[in-house]
Amino acid sequence: MNQKQKTHASIALNRKALHEYTIEERLEAGVMLQGWEVKSLRAGRVQLDQSYVILKNGEAWLIGASITPLPTASTHIHPDPQRTRKLLLHHSELNKLIGHVERKGYTLIPLSLYWKSNRVKLEIALAKGKKQHDKRAALKERDWNRQKQRHLMD
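Nothing here was measured: the structure is a model prediction, and the numbers come from that model.

Caption draft 1: Representation of the confidence of the model for the chain. The predicted model of the chain has a mean per-residue pLDDT of 80, with 91% of residues at 70 or higher. Residue range residues 1-6 is modelled with pLDDT below 50. Its contacts to residues more than four positions away, or to other chains, number 4 contacts.

Caption draft 2: The packing of aromatic side chains, seen in detail. Per the counting criterion, the structure on display carries 0 aromatic pairs. One Lys or Arg, R42, reaches over the ring of W115 and ends 4.3 Å from the middle of that ring.

Caption draft 3: Main features of helix α4 (residues 91-104). Look at α4: 19 Å from first C-alpha to last across 14 residues, which is about the 20 Å you get at 1.5 Å a residue. Residues of α4 that are buried include every one of L94, L97, G99 and H100, and no others. In this structure, the buried residues of α4 make contact with β2 (21-31), β4 (52-56), β5 (59-63), β8 (107-116) and β9 (119-129). After α4 finishes, the residue G105 shows a positive phi value of roughly 75°.

Caption draft 4: Main features of the pattern of salt bridges. Scanning all chains against the criterion turns up 7 salt bridges. For the salt bridge of K86 with E59, the shortest nitrogen-to-oxygen distance reads 3.0 Å. Highlighted residues: K86 in strand β7 (residues 85-88) and E59 in strand β5, separated in sequence by 27 residues. In this structure, a network of salt bridges that share partners links the residues E37, R83 and R85.

Here is what the cut-offs are and how they apply
Residues numbered from 1 in each chain as written. Predicted model: local features only at pLDDT ≥ 70, side-chain atom pairs only at ≥ 80, totals over all residues. Heavy atoms only, no water. pLDDT = per-residue confidence, 0-100. Contact = heavy atoms within 4.5 Å. Phe/Tyr/Trp six-rings, centres within 6.5 Å; stacked < 30°, edge-to-face > 60°. Lys NZ or Arg CZ within 6 Å of the ring centre and 35° of its normal. Helix = DSSP H or I, 4+ residues; strand = E, 2+ residues; numbered from the N terminus. Expected span 1.5 Å × (residues − 1). Buried < 20%, exposed > 50% of the residue type's maximum accessible area, 1.4 Å probe, protein only. Salt bridge = Lys/Arg side-chain N within 4 Å of Asp/Glu carboxyl O.

Structure below.
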């Protein structure tokens with residue numbers, strides 16, 4: 001996590017992302033939400049594990065993020081927990097992402113959702129998928145570092 005991220009109140013993390021992907025670059029994007037979604041986020045009813053970001057018609061969209069509606073949310077609307085949400089990015093950032101995704105084979109994944117001065121921000125990453133042997137090597141490395149720490153404490 002970068003230093004800026006630590007000062008913000010976290011809503012949700014995508015823990016699988018660091019295991020499944022090699023992160024190349026991180027970006028911050030705003031998220032267009034409805035009122036009931038903001039209330040649900042305040043209650044922490046969101047999951048990013050199965051979500052991803054696509055670029056379509058020069059815009060970024062968050063797909064698969066599940067925001068569970070509160071039972072006390074407005075009764076006259078029928079919320080869709082899995083709806084596609086638009087991400088707010090600068091035009092130059094979008095052009096850069098489109099170039100990386102289309103030409104270099106990168107994937108866009110959401111890493112975390114957090115509050116930044118009463119606004120909901122999504123940290124997205126430009127990433128490449130890890131192969132199975134890369135995942136095993138990362139696990140071995142993590143275990144070895146843990147063992148080294150234990151031995152240093154003894």
